[in-house]
Structure formats: C-alpha cells, structure tokens
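A closer look at the structure
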Amino acid sequence: MSSTSTSIQALQHDLDLPIDRSTLSLLEQSVDAVWIVGLDGRIVYATASVQKTYSLGPVPLGQTLDQLEFFDTRIPVVCDYLQALQDHKHYQNDQFLFSFKHRAPSVARVVGQPLFDSEGQYKGYLTSAIDLGGSGVVNYMRDRLAVHGDQAVNQPEYELDHFVQTLQQTLGIDSVMISGVEGSKMDVLSFYQRGVKQPVYALDIHGTPCEKTLEQGSYIVLRDMPRHYADVSKLMEAETYMGYRLDDVQGKPMGLLCAFHGQELVPVEVVAQVLDSASTLIAPVLSHYLGGKRFNDQTSALTQAYRLAKVGTWLNYPGRGTKPRWSPETFEVWGLAEGQEPDLKLMFDQVHPEDQEKVAYHWNNLESIGSYTLEYRITDSHGRIKWLLESAETELDEQGAYRRVVGVIQDISEQKRDEEQLRTLAHAVFESSSIVYTLDRRARIVDCNPAFEECTGYSREEVLGQPGTILNTANTPRVLYWGLWRKLLSGQEWRGETENKRCNGEHYWAQTVITPVRNSNGEVISYLCVQEDITEKKRQDAMLRHQAYHDGLTGLANRRKVQEELEELLKKQQAVSLLFIDLDGFKYVNDSLGHIVGDGLLQRVGKRLQSTIREADLLARLGGDEFLVVLESNSDAELTAERILKVLSHPFEISGRIMHLGASIGIVTSPDDGDTSEVLLRNADAAMYHAKSKGKNTYSVFSSDIYRHSARRMQLEIGLRHALQRGELRLHYQPQKFLADGRLFGAEALCRWYSHELGDVSPSEFIPLAEEIGLIDDLGDWVVREALRSCRQWREAGVEDVVVSINVSPRQLRSDSLLTTISGALKEFRLPASALCVEVTETLLMDSYDKAQSLLNSLRELGVSLAIDDFGVGYSSLSYLKRFPFDSLKIDRSFVGDMENNEDDHTLIRTIVQLGHNLGLKVVAEGVENQAQQDLLTAIGCDAIQGYWLSKPIDGDSFLDLVVEQTVVSC
C-alpha cells in the first residue's frame, strides 16, 4: 500500500469520492477493516486492517469482492451484502461470516454505506467490518445449531447429521464425526469429510486419541498426531485432532465429538470454543438417539428381558398333537408348578366370572381373528384377584396353513393398582378450579378436567389422544419446549409461563407446572399438567410496563425508555444522533390558557414530530415541553432538525384558538460527543440551551465550546451553592383537605429559590441540578428542618393536628443520613413523628428498591407516615403497595386533570381509590383545579385532595392564616 497521503490524494483526485481528507485520515488509523468499492464494483481502497484481520497479502485493489476467498457467495449474508452494494443501499449485519480455506472462519459486525456526491450521484460504497473475535464465531455457530435443537425428540438421526455437517463446512475442518461409546467400542453415528457424508462403522478405540479423550474426561487437542497415532493420522489424513467427551445427564460418558484436520486448526482457540459450545447442544440429541438405538439392539436379548420383566411366553400347536410350550414365567403367572401340563378347562375356571365371556371369545376364535390383546382377571390358588395382560397371534406357514400360536402373558396387578391410585389422585386434582390435564409418555392427552374445557374451548372428547402440542403457539420459542422436555425426561418437574392457544385460535397465558407421575417402581407413567390462567395478569403487567416506559400524556416513549434503548445501541457500538427539543413559547400558552389546552398542544406536537422521523428512529417526551429524537445514524441529524422546525412553524388550532410555537434543538452524535446515555443527554441539553441563546427556533450542533460556555447552567450551579448561606431558599406549602368534612389536615412542603442574581428559579431547574452536583443532601436536610420548624410554629399558634409532607430525592433515599436528620429534627422541635409525612415516587422505589425498603421501614417504626406519590405514572406495581409500609396513596394530577371529560381517567381513578381502600390506605388526589373535579372525587370515595382549587403553594404564615380562617368559619 502506498503512503497515507498518497492514497488519500489518489482517492480524492481520481475517484472524486465525497469524503474529506480528515475522514480518510481517520480511516487509515482505524483498527476496523474498511474498504471502498468503486463504480465498476472493484476495490479502490482498503485500510491496513483488512490485510491484518483477514490474513491477505497485498491489499486486493482492483479485484471484485466475489474474487476474494473469504467472500463465499454460498453464504446468504454475503449474497445480501453484495445485493445491497449493487442496489446502492445501506447494509448492516451483526453476524457476518467470513470463511477461509486454511483457517477458522471470522464473524464481524459489517456496515455498508453508499457514497453520493453533492449532486446525489453514486460514487462508491464504503464498508467497515468490526471483527467480533472468538466469541463472535461461537455465538454465530450456537445460533445456527440451536435452531434445530427442538427437532431432536422426533428426528435425532437428522439432527446429528445437521450438527456434524454444519460444524465441518462452516469451520472448514476436514473431518468431523459424532460417535456413541460403550466400553472400548465406538459406533460412528455421523461422519462428514470435506463436505461429503461418509459411511458409519464401529471400531475399537484402544490406542487411539479417542481413548485419551474418554480418559481425560473433557477435551484434548493434539497438534502432532502423526508422532503419537501414526495409523489414525494416516487413515484420517490429518495432523491435528480435537476431541470432546459427551456425557449423559448422570455425568457418564456416552459419546465423542471428534474433529480431524490436515494441518493445525487456526486459530485453535476459536475452534475449541465453537466445538465446546456445540457439545452442549449435541449431548441431549445424542442421548435421545442412543436411547432408541439401544432399544433396537436389545431385541436380540428378548428372552432375557422377558425373564427379568416377569413376562411369560408360550407357544401352542393346535391340531398337531404337540404339547404347548410355556416359559417358566407363564407357569408362575398362572400359579402352576413348572412342567405341569396346562389344563385349559381348569384355567378357564380361574377366570373372573365377569371376564369369562370375552376370554372365551378370544381363545375360541383366535384362528379367525388372527390376534388379540386383552386384559382380564383370575383368582389364584390363594383366592387373590390378579390382573393379566395377554397377547396372542397366529403364525402361518409358507403355504398359508395354520402353523402355531405365539403368546405373551404378564401379571399387571401392580400396574392396575397404580392406575387406581392415579385415578384417585386425578379425581382430587381434576375437581380443582385450576386447568388440569394429563399426558401419556408419548405426550398425548389422556384426560382433562372441566376447567380445561372451559378455558381452552375444547371438549374432552376432542382432545383425548391428541398431542399436547395442540395448545402450542408459534410465538413460544422452540428452545423452551426443548428445555421443558429435557427436564421432564430426566424425571424433574418443570415450572414456567407458557403462551397457549384456545380452540378458537385465541391465545392465553398460563402459569404451568408439569410433574412426572411415577408408579410404585419409580417409573414415569404419565405427566400431570396444572395451569393457572394468567392472561389478565399479563395484560395488566403489559399495561403497567407500557406506563413505565411511555409518557402518559402523549403515549410516546419516556426518559427511562430512551436511556435503556440508548444504552443498548451504544453497547452495540451503533452510531446514533440525539436531537434534544425544547418548545419555545409553550410555557406562555400553558400559563395563560391552562393545563388542559397545554396538554392538548403537547399531544399535537408529539404527532407532528412523529411525522418527521423514520420508523426505526425513536421519539420520546422527557417531561414538560422537552422531547428527544434518537436517530440510528448520524448522517441526517441536521436535516431532521430542519424538518422539525418546519412542521412546528405551522400554527396549531386547539379549541378554536390559534397558537404558534417554535423549538430550540440541540444535536449530539456518538461516539464523538459521548459514549454513554447520560453524557449524550447532558451534552444535547447544553446544545439546546445554546440554541435558545441564539434567539430560539433554531438548532445547534454540540461542540466543546457550547458546554464550556453554557452560562445559565454555571450561574445556577454557583448560585445554588450559596443559596442556603444567603437565605435565598424558602418553603411554600400546598394545603391538603379531607373531602368528608372539609377540614385542612396537612400541607405539602415545596422548595422555592429566589436568587438575587437570577430571580425566581424553577424547582425543575435547581432540584435536578442539586442532585447532580451533590448538594441534594444539604438541601434535603434544610427542607426537613424548615418544614418541621413551621409545623412547630403552627402548633404554638394553636393548630395541633396539621401534618407536613416532604418529598425526598433518589440520592436522599439511598443515603444513610436521612433517618438521622428526621429523628434529630423531630426531637429539636419537640414534635411527634406523626407530624411528618414522607412522600416517595414509584420511580424512586424502582431505582433504589433495597435501600428504600430498609429506610421506609425504619421511618415507619419511628412513627413517620409514608405516602406513595404520583401513583399511576410509573410502573404502578402492586408489589410496592404490599411490600412498603405506606399510609396513603397520592393520585397523579395527570389523571385528575381530564377526569370530567375522559371516562378512562375517571374509571382509573375510581379503581385506584378502591385499591387503596382495600389495602387500608388513605387516598389523596393531586392537581384538583375546580369544583367539578372535587365533586367527582367525593362521589367515588376519594379521601382528600390538594391543588389550585384549594390554594396555590403559599408561605408558612399564609398557610397558618388559612387554617385559622377555616376553623373560625366552621365554628
């Protein structure tokens, strides 16, 4: 390759590619493999990493991609990539396979991007490949092998061939085989050599590397096989051997996975990881295959098996004058001495009277019916009833003449007792309200209860004899069923959630328990399936999960959703762009026209923003009038910002009013502007404020200067650090009133900051900032003491029973000092703990669950009352209400605001009130703004309210005047 400057100049001059010189310089220094294909489909540029990663000689300039060894056009992903290149389309694949003749394959994350000039003319195709190393190959192979794992129960032979062929062809190994072993004998069950399936055979492994693999107990690698095993090396035409021992569920060796190659496997570590991973998938398939094979092999020892199983055999030669021949077990079944000549009349007399008719029919008509199998009872010499299972079949000679009768007979009394016990158990279980059905050992339904019929829509008659898979859905991963049966076949109980299908095709979710049922010998004879229909629970969970990840007003993703999605994209090293959008002019609309109009405006804005992005991009509302767009590329962020400004420039009409909005947008891209969601969001916020400082209704692309000169933030931080000492902070109190008697019983303390330099600063600005810069503990301690100081003053003025509420931040909830601060302040101001209520939000509980549980329990033991705030806007998990010692529940204002017009909100509030009362909680509705809302809340039994309808947040003296005034009026 020529020097960097020469190659860059050549690309810029000869090809006229739309890539600036600095970008090409970065490509030269990149550790990723990068190449560019020109207009004629030939490689015109490649970084040194292409040579290093894919072991090439000179960079293949001038060649087409399909001329390169590692671009195997038989592989689907390669064909897809070449098609995208030909069509000038974007391409991405996280498991792109590069195959080689003389080394292990490579898996990479490949991204292809067409290059266009400023005129829109196609100039070339830029591709980058990030090699994923050995783990990438392992994951690629595991995915492809696991796809077929669930077919193993029905097609083990096919599966063994599939595993071997996939390993041999994909890894480029000369020979791969799977064998079963027993002692020193090895049965080769599947064998592929250089892409061709080979005949299977049996051999003695003594003196072979396979013997060493068995002895070592895991796996071995031999790089110089001719030196130690010359005969095997010559036979397999190989110098390298790699062997894995395959154990059954008891840890006993049952087989081998062996690989042979003509030279060293490169890199051997990658091949070892792949084969090790494959062995875990092959073992259960091999176990099932060997089980069936051994069954066939054992037919040659049938006589011995009959003897051990106490199954009698007999031969009869009717009309030939030859005595019947009975096995010893047959004499034992009938209670006769061995060698005693059978007397059919005496034997028939032993048959139970109720069974004699059917026995007589089968015994007397065997020649015409050809065969029979029947169960019947006899009375033995001790007067005991025995159940017998007898099968008989006639044999004809070559001329079709009646030759002899072959029969088997077995005492099944014990089995009948087991069945009776099972029926008794089933009767008890089947009377349950749970869904219950039983499967035989072939997984066919043999019984079900009425609850099964009611839930599934199938009648008992419809499902008897049907496979249990009649309830399966395509949505359930096959690997779940494989794991289920693997556990059951090992004799263990299986528990889990399953998605099932009713008779009408409708799906339902069930909590399922499947238990193997054993007879007195410990043998599994059936499977008992018990289900609880949890469809409604899953629906509610999905609804709550949606609420946890979506904004309640607009239905868009929320901040939590954005952070998780963003972290996932960054983890994949996906280039992303963020557009942080803050509406210009919204606060004026909201303050002047009210929250109802403001909320409607936010919903309209959300819909317009959605129209500006692609389906793959993410739009979220972070809160208030802030929105965020996540683009899964960084190539068109500014174009998207321009589209957003354009759609927002058109006027909005709500309730007959025409309104105009603008937006300030901050843009960041990864990884240049940050490699975590936190940093990217922070920098996007800084860029947005820079856009506002430029006159609003514009966008600003983040740079280091923007962050360094974000004056507003610096002023806030400096001012906040001195606000406590300067006495700039104060508390306002929002009254809370009982609906039953109209009595003011408490107030929520709300922190306010008036800065001498900045004026009134919104809590939404300074409280998150205090959390971020570590001042929240000092601020929180001040709020506790100031709120309790006011409470003390109210009591001294004669107001004894008012409770003051405070909110705590995530940092306080994780701190060990909050409990000490509260208990100390209560003592200082001589107040009972019942004078204080601590409010926490669901989000705080989710983020600090363990710490929160300990702290809240301690506060409750102290006597402080607890409230869960903003209920309904977070995850709204009922487990929080159950596990945490709350006294009251506060309904978020977002539900109250539209309850007069929105039946869903009204129903939801009524449900929350009922839920709270059932759990013994006082229910308080926030954000009450008019008489109509108060009346509705009173009607559905809500306990208390707070909001602007009672009063805006006021200072402590004004609150005291309000309480005293109410007391005087009521008197």
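Residues numbered from 1 in each chain as written. Predicted model: local features only at pLDDT ≥ 70, side-chain atom pairs only at ≥ 80, totals over all residues. Heavy atoms only, no water.

1. Some remarks on the overall build of the protein chain
- Counting secondary structure elements, the protein chain contains 38 helices and 38 strands.
- Pairs at least 24 residues apart make up 56% of the contacts formed inside the protein chain by residues separated by at least 6 positions.
- About 48300 Å² of surface is accessible on the protein chain, with carbon and sulfur atoms providing 49% of the total. (Helix = DSSP H or I, 4+ residues; strand = E, 2+ residues; numbered from the N terminus. Contact = heavy atoms within 4.5 Å. Areas by Shrake-Rupley, 256 points an atom, 1.4 Å probe, with all protein chains shown as cover.)

2. Examining the sheet that holds strand 18 (residues 435–439)
- Read across the sheet, 5 strands follow the order 19-18-22-21-20 without closing on themselves; strand pairing throughout is antiparallel. Two strands close off the open sheet at either side, each with one partner strand: strand 19 (445–448) and strand 20 (494–501). For this sheet, the mean inter-axis angle between neighbouring strands, taken without regard to orientation, is 30 degrees. (Pairing = 2+ DSSP bridges. Axes fitted to C-alpha atoms, helices over the stretch in contact; angles between N-to-C directions.)

3. Considerations on the nonpolar core
- Within the largest apolar cluster, 77 residues are counted, with the highest numbers of intra-cluster contacts made by Val-838, Phe-886 and Leu-937.
- Among the elements that take part in this core, helix 29 (residues 776–796) stands out by supplying 9 residues, more than any other.
- Formed by 62 residues, the second largest nonpolar core is a distinct cluster that contains Ile-43, Val-107, Ala-259 and Tyr-289. (Core = buried A, V, L, I, M, F, W, Y, C linked by side-chain atoms within 4.5 Å. Buried < 20%, exposed > 50% of the residue type's maximum accessible area, 1.4 Å probe, protein only.)

4. Here we look at the pattern of salt bridges
- Within this structure, the stated rule accounts for 44 salt bridges.
- Linking Lys-416 and Glu-375 is a salt bridge whose minimum nitrogen-to-oxygen distance equals 2.7 Å. Here Lys-416 is found in helix 16 (residues 413–430), whereas its partner Glu-375 is found in strand 15 (residues 371–379), with 41 residues between them in sequence.
- We note a salt bridge from Arg-789 to Glu-786, for which the minimum N-O separation is 3.5 Å. Residue Arg-789 and its partner Glu-786 are located together in helix 29, separated by 3 residues, close to a single helical turn. (Salt bridge = Lys/Arg side-chain N within 4 Å of Asp/Glu carboxyl O.)

5. Re the pairing of strand 28 (residues 662–669)
- Buried residues dominate strand 28, accounting for 8 of its 8 residues.
- In terms of strand pairing, strand 23 (residues 577–584) meets strand 28 through 8 bridges, oriented antiparallel. Looking at strand 28, one finds that Ile-581 is bridged to Ile-665.
- Here strand 28 pairs with strand 29 (residues 699–701) via 3 bridges, running parallel. Bridging from a neighbouring strand, Ile-667 pairs with Val-701 of strand 29.
- Handedness of the crossover is the feature at issue here: the chain leaves strand 28, passes through helix 25 (residues 677–693), returns alongside strand 29, and the resulting connection is left-handed. (Right-handed = clockwise from strand over helix to strand, strands pointing away.)

6. Comments concerning unusual backbone geometry
- Cis geometry is adopted by the peptide bond preceding Pro-671, which originates at Ser-670 and carries an omega value of 0 degrees.
- Note on placement: Pro-671 falls in the loop between strand 28 and helix 25.
- One non-glycine residue, Arg-194, adopts positive backbone phi at about 50 degrees.
- Along the chain, the position of Arg-194 falls in the loop between strand 7 (185–193) and strand 8 (196–197).
- One non-glycine residue, Gln-573, lies in positive phi territory at about 60 degrees.
- Structurally, Gln-573 is set in the loop between helix 21 (559–571) and strand 23.
- Assessed through its relative accessible area of 57%, Gln-573 is described here as exposed.

7. Comments concerning the packing of helix 29 against helix 31 (residues 817–828)
- Contact pair helix 29 / helix 31: the axes reach a minimum separation of 10 Å and the direction vectors enclose 25 degrees. Overall, the two elements helix 29 and helix 31 adopt an arrangement that is roughly parallel. Classified by chirality, the crossing of helix 31 by helix 29 is right-handed. Residues Asp-781, Val-784, Arg-785 and Leu-788 of helix 29 form the contact with helix 31, whose participating residues are Leu-818, Thr-821, Ile-822, Ala-825, Leu-826 and Glu-828.
- A per-class count over the contact of helix 29 with helix 31 returns 6 nonpolar, 1 polar and 3 charged. (Parallel < 35°, antiparallel > 145°, perpendicular 65-115°, else oblique. Left-handed = near helix turned anticlockwise from the far one by under 90°. Nonpolar A, V, L, I, M, F, W, Y, C, P; charged D, E, K, R; others polar.)

8. Regarding the packing of helix 21 against helix 25
- The contact between helix 21 and helix 25 brings their axes to 9 Å, and the two run at 120 degrees. What the angle tells us is that helix 21 and helix 25 run oblique. Each of Arg-559, Gln-563, Leu-566, Glu-567 and Leu-570 in helix 21 lies in contact with helix 25, whose residues at this interface are Ser-677, Glu-678, Leu-680 and Leu-681.
- When the residues that make up the contact of helix 21 with helix 25 are grouped by side-chain class, the tally is 4 nonpolar, 2 polar and 3 charged.

9. Side note on the environment of Asn-504
- Position of Asn-504 relative to the elements: it lies in the loop between strand 20 and strand 21 (507–518).
- Along the backbone, Asn-504 and Thr-456 are 48 residues apart, and their C-alpha atoms lie at a distance of 8.3 Å.
- A polar contact is formed between the side chain of Asn-504 and the backbone nitrogen of Glu-506, at a distance of 2.9 Å. (Polar contact = N/O pair within 3.5 Å; in protein donor to acceptor, adjacent residues only side chain to side chain.)

10. What to know about the sheet that holds strand 2 (residues 43–46)
- Here 5 strands make up an open sheet; going across it, the order is 2-1-5-4-3 and the pairing antiparallel. If you trace the sheet from one side to the other, it starts and ends with strand 2 and strand 3 (91–98), each paired once. Neighbour-to-neighbour, the strand axes of this sheet turn through a mean angle of 25 degrees, independent of strand direction.
- Contacting strand 1 (33–37), strand 3, strand 4 (106–116) and strand 5 (122–131), helix 4 (residues 76–87) runs over the sheet at an angle of about 140 degrees to strand 3.

11. Let's talk about the packing of aromatic side chains
- Scanning all chains against the criterion turns up 16 aromatic pairs.
- Judged by centre distance (5.5 Å) and plane angle (75 degrees), the ring pair of Tyr-81 and Tyr-91 falls under edge-to-face. Highlighted residues: Tyr-81 in helix 4 and Tyr-91 in strand 3, separated in sequence by 10 residues.
- The class for Tyr-91 is buried, based on a relative accessible area of 7%.
- Ring pairs connect the aromatic residues Tyr-81, Tyr-91, Phe-96 and Tyr-125, which therefore count as one cluster. (Phe/Tyr/Trp six-rings, centres within 6.5 Å; stacked < 30°, edge-to-face > 60°.)

12. Let's talk about helix 7 (residues 209–216)
- Among the residues making up helix 7, those that are buried are Pro-209, Cys-210, Thr-213 and Leu-214. Angularly, the buried residues of helix 7 cover 150 degrees about the axis, an arc narrow enough to put them on a single face.
- Gly-217, located one to two residues past helix 7, shows a positive phi value of around 90 degrees. (Arc of directions from axis to C-beta.)

13. With respect to helix 4
- In this model helix 4 runs 16 Å from its N-terminal to its C-terminal C-alpha over 12 residues, within 8% of the 16 Å that 1.5 Å per residue would give.
- Residues of helix 4 that are buried: Val-77, Val-78, Tyr-81, Ala-84 and Leu-85. Buried residues along helix 4 cover an arc of 125 degrees about the axis, so they all sit on one side. Opposite the packed face of helix 4, turned more than 90 degrees from it, sit the exposed residues Pro-76 and Gln-86.
- Each element contacted by the buried residues of helix 4 is listed here: strand 1, strand 3, strand 4 and strand 5.
- Downstream of helix 4 by one or two residues, His-88 has phi in the positive range, about 60 degrees. (Expected span 1.5 Å × (residues − 1).)

14. Thoughts on the environment of Ser-526
- When you line up the elements, Ser-526 lands in strand 22 (residues 524–533).
- On the accessibility criterion, Ser-526 (6% relative accessible area) is buried.

These results come straight from atomic positions and should not be treated as a statement about function.
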